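# Structural features, examined
Okay, here's what each chain looks like letter by letter:
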Amino acid sequence: MKNLVTVALNLPIYSSFDYIAPNAHMIISPGSRVEVPFGNKKLIGVILNSKKMNHDVKEIKYKLKNISKVIDDVPILPNEVIKLCLWCADYYQFPVGQVIFSSLPPKLRKGKEINSTKIDIIKKKSNSSKFNLNKEQIDAFKKIKSKMGIFSPFLLEGVTGSGKTELYVKISEFITEKKGQVLIIVPEINLTPQTLNRFEKYLDCKIDSYHSSLSDQTKLKTWRECSYGNIDIVIGTRSSIFIPFKNLQLIIIDEEHDLSLKQSEKFRYHARDVALIRSRNNNIPIIMGSATPSFESLYNCSIGKYTHLALKNRYFKTKLPSVTVVDLNKDSSDEGFSSELIRSIQKELDKKKQIILYIGRRGFSHTLLCTKCGWTSKCLRCDAHMTYHLNENKLWCHHCGFQTKVDIKKPCGCSNECEIIPLGQGTERVEVKIKKLFPDAKVMRIDSDAINNTTKLNDFIDKTKNKDLDILIGTQMLVKGHDFPDVTLVGIMDIDAGLYSLDFRGLEKIAQLIVQVSGRSGRHSSEGKVLIQTRKPKHPLIIELLKNGYNSFSNKALVERKSASLPPFSYISLFRVSSLNKKDSVNFLSKVKGNFPDGKNIKILGPSPAPITKKNNRFFYQLLLSSSNRKFLLQKSSEIREYIMKQKKSNIRWSLDIDPIDLY
Ligand code: ADP
Ligand code: ZN
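Overview of the structure.

### Some points on the overall build of the protein chain
- Counting its secondary structure elements, the protein chain contains 18 helices and 27 strands.
- At 27 Å, the protein chain has a C-alpha radius of gyration in line with the 26 Å of a compact globule built from 664 residues.
- Seen through its principal axes, the protein chain has C-alpha atoms that stretch 85 × 65 × 50 Å.
- Partitioning the contacts of the protein chain with sequence separation of at least 6, the portion at a separation of at least 24 is 75%.
- For the protein chain, the accessible area works out to roughly 30400 Å², and carbon and sulfur atoms hold 50% of it.
- Looking at charge distribution, the protein chain has the averaged site of its 105 positive side-chain charges lying 5 Å from that of its 67 negative ones.

Here's what the structure looks like:
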C-alpha cells in the first residue's frame, strides 16, 4: 500500500500537486514539509493531506512522481492553520502554496530543519505591578469572560484613553493563568514595543513580539516556541495571524479600523477578517478594539453579528479635548500656520506643556515649481510629482521610488534666473517653519524618514515621556496609539485632502484620523485642546463629528452609504491590470467586460483608470465588481479571474483584490 499525498508548492499556481510516498512506513502527516521533484528541479512543499492508495487505483490517469525526501517527522503546521490557509486561498483567490508559504517564517520556507530541542524558558521573577479595573472595564471584562471557549466576536468601542489596553491585560491574565494563549494584533510594527512594555509591566508570563523587522532566527524561534506552547502571549503585526499555537484561547485586534491591517499587495488579506475566521474555527472569542470602529464592524453590531462593548469615559476622568476649527479662508496661513495656531502653541509652551503637530505627508513639499519656465518636479515614470526632501536634498517619487539629487537653485535647467516655489507642506517644511517661529523650543520630527528603526523609536518615546521635547511634528507614526501624559495641544495642519477625496471611505478615514489624533491630547490631567485647520469649516459631517462625536457621525454617514449601496451594504472586489502600452490594458479590460455583462445580482464598473494611472512606466486600469450578495461576488470574481488567466496575455499583468481598500 502506498500513500497518495497532496502537496502545496510555493508557486504562483492555483492548484496543489499530487505525489506518492514510495515507502508505506514513511510517516507523512499533513503539515509536514517534503522535498519533491518538479520539472527538473527539487522543491520544498507542505503536505495538505494524504491518503492510502491501492495499487490498482483507476482514478490516477497520469504517472505520479515519488516524494524525494520527508523533511519533518512531526508536522510543523497544525491542521487548524492549514484549514485557515485553505480558507484564505479560496476567499482571497490566491495560489494556495503561496498562502501556505507566506504563513511560514523565512527559514522554514527554505527547508531549514526545525530544531525540536526544547529551550528552557526562564520565568522572570514576579515584579509585575497590580491595578484594578474601573466599573466600565469590569462590565466588559465579565461579558468577555463568560464567552470563553465559544466563538463570540466583540467590538470594544472605547474612547481614546478609556483603558482598552488595561482591559486586554486583565483578560489575557485570566486566560494565561489557565494555561491558555493569547494573540494580540496591532496594525503597525511601531506599536509592538510599547504594547509589549505595558503587558510586561503588569504580567509575569512569557510575552513575545512577532513582526517583519525581527531577524529570521528570532522569527523562527518565536514561531516555534509558540507552537510548543512555551509563549503565553504574542503581540504582533498582521502576519502573526498565521502563527501556530498550542492552546489559543483569545484573539485581540487592536485598532481594528486601521487600514494597515489589510495587506495591500500580492496576498491581499485583511488580518481582522482572517482572525474572525480563525476564532470561529477554534471556537474562541475575539475582541476588536477601537475608539473609531470601522463602518463594517459597526454594521455587524447593528445586525447582531458582533456584541458591542463600550468604554465611554476616559480612565483619568479628564474630559475629551476641546476642539477649535480654524477657517483658513479667514485666518490665512503663513506656510501652513494660521495666527491662531501660532498663538495656541505659544500658550502651551509657556505652560511647559507638549504639542503635537500632525501632517499627513513626509518630505518638504509634494511638488517643486519654477515660475519662470513652468517646470515642475514631475516623475518621468509616473503620473505624479516627486516630493522634495530637504534634508537629503533630493526629489523622490513616493509611487515608484525613483530618487534623484537636486540643485534646488536650478532644478529645471532653464536659462534665466529660476524662481522655485515649493507647493504643499510636508513634515520637513513644518519643522523648518516651527524652528523659525519658536527657536528655543525642542523640536523633533517623527516620520518614516526620521525614525527608521526601533532604537530611534524608543528614543523618541523616552524623550517625550521625560519632557526633553516640546514640539513633536509627525505623520501617522506619531499619533497611532501613543499615550503621552503631557501633550495638551494637538494641531491638525490640514484635513482638506481627505474632505475632497474621491474614495467613498474618505470621510470615514478623515473622521477616524481627527478622533485618533485628537485623542493624544490631555490624556492624563490637564484638559487637552485640538486645533483643526481647514478651508471647508462648514462640512456637515465634520460638524456632526465635532459636535456630537464619532458615534453620531458614523450613524449619519452609514445612512449615506446605505442609500448609495456601498460597503458595508454591499460587497466589492477589484481587478487591476497594467501594461507598458496604455491601450493594451484598456482594450483587455473592455474585452473582459464584454464577456461578463452586468447581471441582476452584480454590477461591473469600468474599465476606469487606477488612482495613479501611470506608475513606474506601466499603465493601470481597473474593473470594480459590486454585489449585495457575497457568494455571488466571489463566484463572479473567480469566473473572471479564470477567464483572464486563460487569455495568457504576456503583455498584461493583473491582480485581484477581494474587499479592496485603495480604490481611488
Ligand atoms: P486606550 O488604549 O483606550 O486609548 P489606554 O489603555 O492607553 O487607553 O489607557 C489610558 C491611560 O489610563 C493609560 O495611562 C493607562 O495606563 C491608564 N489606565 C487605564 N485603565 C487603568 C486601570 N484600570 N488602572 C490604572 N490605570 C489605568
Ligand atoms: Zn515615479
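That shown, we press on.
### Details of the environment of Leu-320
- Position of Leu-320 relative to the elements: it lies in the loop between strand S12 (307-311) and strand S13 (322-327).
- Through-space distance from the C-alpha of Leu-320 to that of Ser-521 is 8.2 Å; in sequence the pair is 201 residues apart.
- What Leu-320 contacts, discounting residues up to four positions off in sequence, is Val-159, Thr-160, Arg-314 and Glu-527.

### What about the pairing of strand S21 (residues 471-474)?
- Side chains Ile-471 and Ile-473 of S21 all project onto a buried face; the interleaved residues Leu-472 and Gly-474 project onto the opposite face, where all are buried too.
- Across four bridges, strand S14 (residues 354-358) lies against S21 in parallel orientation. Bridge pairing links Leu-357 to Ile-473 in S21.
- Relative to S21, strand S20 (residues 443-446) is paired through four bridges, and the arrangement is parallel. Paired with Arg-445 across the bridge in S21 is Ile-473.
- Following the backbone out of S20, through helix H12 (residues 454-465) and into the adjacent parallel S21, one traces a crossover that is right-handed.

### With respect to the coordination of the zinc ion (ligand 2)
- Here the zinc ion (ligand 2) is held by the protein donor atoms Cys-379 (SG), Cys-382 (SG), Cys-397 (SG) and Cys-400 (SG), which lie 2.3 to 2.4 Å from it.
- Given four donor atoms and angles of 103 to 113° at the metal, the environment of the zinc ion (ligand 2) is assigned as tetrahedral.
- In primary sequence terms, the donor set of the zinc ion (ligand 2) follows C-x2-C-x14-C-x2-C. With respect to class, Cys-379 is no different from Cys-382; both count as buried.

### Considering the site of ligand 1
- The full set close to ligand 1 counts 18 residues, and Asn-132, Gly-161, Glu-166, Arg-198 and Asp-483 are the nearest of them.
- Note that a nitrogen atom of ligand 1 is positioned 3.0 Å from one of the side-chain N or O atoms of Gln-137.
- With respect to ligand 1, the side chain of Tyr-315 contributes an N or O atom lying 3.0 Å from a nitrogen atom.
- Within the complex, 88% of the 560 Å² of free accessible area of ligand 1 lies under protein.
- It is helix H5 (residues 164-177) that contributes the most residues to the shell around ligand 1, three residues altogether.
- Taken together, the residues of the shell around ligand 1 sort by class into five nonpolar, eight polar and five charged.

### Some remarks on the side chain of Arg-523
- Mapping Arg-523 onto the fold places it in the loop between helix H15 (506-518) and strand S23 (529-534).
- The class of Arg-523 is buried, set by a relative accessible area of 9%.

### Section: the sheet that holds strand S27 (residues 653-658)
- With antiparallel pairing, four strands are arranged side by side in an open sheet as S25-S26-S24-S27. The outermost strands of the open sheet, each flanked by one partner alone, are strand S25 (602-615) and S27. The average undirected angle you get between the axes of adjacent strands in this sheet is 20°.
- Relative to strand S26 (residues 618-627), strand S24 (residues 571-579) is paired through nine bridges, and the arrangement is antiparallel. Its bridge partner lying in S26, Ile-572 is registered against Ser-626.
- Where helix H18 (residues 630-647) meets the sheet, its contacts fall on S24, S25, S26 and S27, and the angle it forms with S24 comes to roughly 15°.

### Topic: helix H6 (residues 191-202)
- Taking 1.5 Å of rise per residue, 12 residues should cover 16 Å, and H6 covers 17 Å from first to last C-alpha, within 8% of that figure.
- The complete set of buried residues in H6 reads Leu-191, Thr-192, Pro-193, Gln-194, Thr-195, Leu-196, Phe-199 and Tyr-202.
- Next to the buried residues of H6 lie H5, strand S7 (181-185), strand S8 (207-210), strand S9 (233-236) and H12.

### Concerning H5
- The terminal C-alpha atoms of H5 lie 20 Å apart, and with 14 residues this matches the ideal 20 Å at 1.5 Å per residue to within 8%.
- Where burial is concerned, most of H5 is hidden: 13 out of the 14 residues are buried.
- After H5 finishes, the residue Lys-179 shows a positive phi value of roughly 70°.

### Examining the side chain of Gln-354
- Among the secondary structure elements, Gln-354 is positioned in strand S14.
- Given the relative accessible area of 2%, Gln-354 is considered buried.
- A polar contact is formed between the side chain of Gln-354 and the backbone oxygen of Thr-464, at a distance of 2.9 Å.
- Residues contacting Gln-354, with those up to four places away along its chain left out, are Thr-464, Lys-467, Leu-469, Asp-470, Asp-486, Val-487, Thr-488 and Leu-489.

What counts and what doesn't
- Residues numbered from 1 in each chain as written.
- Chains lettered and ligands numbered in written order.
- Predicted model: local features only at pLDDT ≥ 70, side-chain atom pairs only at ≥ 80, totals over all residues.
- Heavy atoms only, no water.
- Helix = DSSP H or I, 4+ residues; strand = E, 2+ residues; numbered from the N terminus.
- Rg over C-alpha atoms; globule rule 2.2 N^0.38 Å.
- Contact = heavy atoms within 4.5 Å.
- Areas by Shrake-Rupley, 256 points an atom, 1.4 Å probe, with all protein chains shown as cover.
- Lys, Arg positive; Asp, Glu negative; His and termini not counted.
- Charge placed at Lys NZ, Arg CZ, Asp CG, Glu CD.
- Buried < 20%, exposed > 50% of the residue type's maximum accessible area, 1.4 Å probe, protein only.
- Pairing = 2+ DSSP bridges.
- Right-handed = clockwise from strand over helix to strand, strands pointing away.
- Donors = N, O, S within 2.8 Å, 3.2 Å for Na, K, Ca; no water.
- Tetrahedral: all angles 85-135°; square planar, octahedral: opposite > 155°, others 65-115°.
- Near = heavy atom within 4 Å.
- Polar contact = N/O pair within 3.5 Å; in protein donor to acceptor, adjacent residues only side chain to side chain.
- Nonpolar A, V, L, I, M, F, W, Y, C, P; charged D, E, K, R; others polar.
- Axes fitted to C-alpha atoms, helices over the stretch in contact; angles between N-to-C directions.
- Expected span 1.5 Å × (residues − 1).

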